[in-house]
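Single-letter residue listing:
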Amino acid sequence: MEIAIRSWRLEDAADLAVALNNKRVQDNLRDGIPYPYEKSHAEDFIRSMLSADGNKVWAWAITADDRAIGSIGVFRKENIHSRTGEMGYYVSEPYWGRGIGTAAVRAACKYIFGNTDIIRIFAEPFAHNRASCRILEKAGFSFEGTMRKNAVKNGEVLDMKLYALVRD
Ligand SMILES: CC(C)(COP(=O)(O)OP(=O)(O)OC[C@H]1O[C@@H](n2cnc3c(N)ncnc32)[C@H](O)[C@@H]1OP(=O)(O)O)[C@@H](O)C(=O)NCCC(=O)NCCS
């Protein structure tokens, strides 16, 4: 199985919908993503990524043998944080635990530091999201602290962990 990250294609919509139409994935993400998540939602998302400002949004499909099995993106922040990018990602559940998330995070960071002026990439997993914290650690991110009671998700008040990777 060849794992890669590549630009989105509209034909990825059906595969993306399969990956994201999963509560165990969505429970670890921010609110605002439709559930159930249908192909039309995936098409809207892909279109918005393809038309986004290429100097502010870098979004990729995570692929296995060229089929989308996940998503990863880095989003430039604003104002004094304009050289900081926030990273978000997910992998379709049947593919968890095979090193794919770690490989995708590494590849995305390599691209960002090699091709943009971003000097800091951060991610903010829920504190209980051990897999996400682990892949950030494996990809070389530093743990910068716990943001206490930083979110309400599914009616529960949650701590989040701040991880960052800075350009050498
Ligand atoms: C987080 C996510 C991207 C990880 O992807 P993945 O491809 O399974 O990650 P990897 O296989 O590269 O690595 C997972 C690591 O977490 C570890 N892990 C998984 N579940 C764990 C748990 N419950 N407790 C502790 N460690 C755990 C694995 O053992 C592995 O570490 P290891 O290589 O040291 O053994 C995937 O689980 C996912 O999409 N989750 C839902 C969405 C999400 O959480 N996105 C991130 C939001 S911040």
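If you're wondering where the values come from, they're calculated on a predicted model, not measured in any experiment.

Cut-offs applied
Residues numbered from 1 in each chain as written. Predicted model: local features only at pLDDT ≥ 70, side-chain atom pairs only at ≥ 80, totals over all residues. Helix = DSSP H or I, 4+ residues; strand = E, 2+ residues; numbered from the N terminus. Rg over C-alpha atoms; globule rule 2.2 N^0.38 Å. Contact = placed C-beta atoms within 7 Å. Buried ≥ 20, exposed ≤ 12 C-beta atoms within 10 Å, placed from the backbone. Arc of directions from axis to C-beta. Near = placed C-beta within 6 Å. Nonpolar A, V, L, I, M, F, W, Y, C, P; charged D, E, K, R; others polar. Pairing = 2+ DSSP bridges. Expected span 1.5 Å × (residues − 1).

### As for the overall build of the chain
Now for step 1: For the chain, the helix and strand inventory stands at five helices and seven strands.
Now for step 2: In the chain, the succession of α and β elements from N to C terminus is β-α-α-α-β-β-β-α-β-α-β-β.
Now for step 3: Rg of the C-alpha trace for the chain: 15 Å, near the compact-globule value of 15 Å for 168 residues, within the 12% margin.
Now for step 4: For the C-alpha atoms alone, the extent of the chain along its principal axes is close to 40 × 35 × 30 Å.
Now for step 5: Here the analysis covers contacts within the chain between residues at least 6 apart in sequence; of these, 59% occur between residues at least 24 apart.

### Quick notes on unusual backbone geometry
Now for step 1: Residues Tyr-35 and Pro-36 are joined by a peptide bond in cis, for which omega reads 0°.
Now for step 2: When you line up the elements, Pro-36 lands in the loop between α2 (23-26) and α3 (39-51).
Now for step 3: Although it is not a glycine, Asn-154 adopts a positive phi angle of roughly 50°.

### Description of helix α1 (residues 13-20)
Now for step 1: Looking only at α1, the buried set comprises Ala-13, Leu-16, Ala-19 and Leu-20. Angularly, the buried residues of α1 cover 120° about the axis, an arc narrow enough to put them on a single face.
Now for step 2: At its buried positions, α1 is contacted by α2, α3, β3 (67-76) and β4 (84-91).

### Considering the site of the ligand
Now for step 1: Around the ligand, 21 residues are found, and the nearest of them are Asn-28, Gly-101, Thr-102, Arg-130 and Ala-131.
Now for step 2: The biggest single contributor to the shell around the ligand is helix α5 (residues 130-138), with five residues.
Now for step 3: Split into classes, the residues belonging to the shell around the ligand amount to eleven nonpolar, seven polar and three charged.

### Considerations on the pairing of strand β2 (residues 57-64)
Now for step 1: Among the eight residues that make up β2, six are buried, leaving the element largely enclosed by the rest of the structure.
Now for step 2: Summarising the sheet, strand β1 (residues 3-6) and β2 pair through four bridges and their orientation is antiparallel. Its bridge partner being in β2, Ala-4 is matched across the sheet by Thr-63.
Now for step 3: Here eight bridges tie β2 to β3, and the two strands are oriented antiparallel to one another. Bridged to Val-57 within β3 is Phe-75.
Now for step 4: As consecutive antiparallel partners, β2 and β3 are separated by two residues, and within that stretch Asp-65 has a phi angle of approximately 50°, a positive value.

### A few points about α3
Now for step 1: When the terminal C-alpha atoms of α3 are compared, their 18 Å separation across 13 residues agrees well with the 18 Å that a helix rising 1.5 Å per residue should span.
Now for step 2: Residues Ala-42, Phe-45 and Ile-46 constitute the buried set of α3. The buried residues of α3 occupy an angular sector of 95° when the element is viewed end-on, so they sit on one face. Residues of α3 that are exposed and point over 90 degrees away from its buried face: Ser-40, Ser-48 and Ser-51.
Now for step 3: At its buried positions, α3 is contacted by α1.

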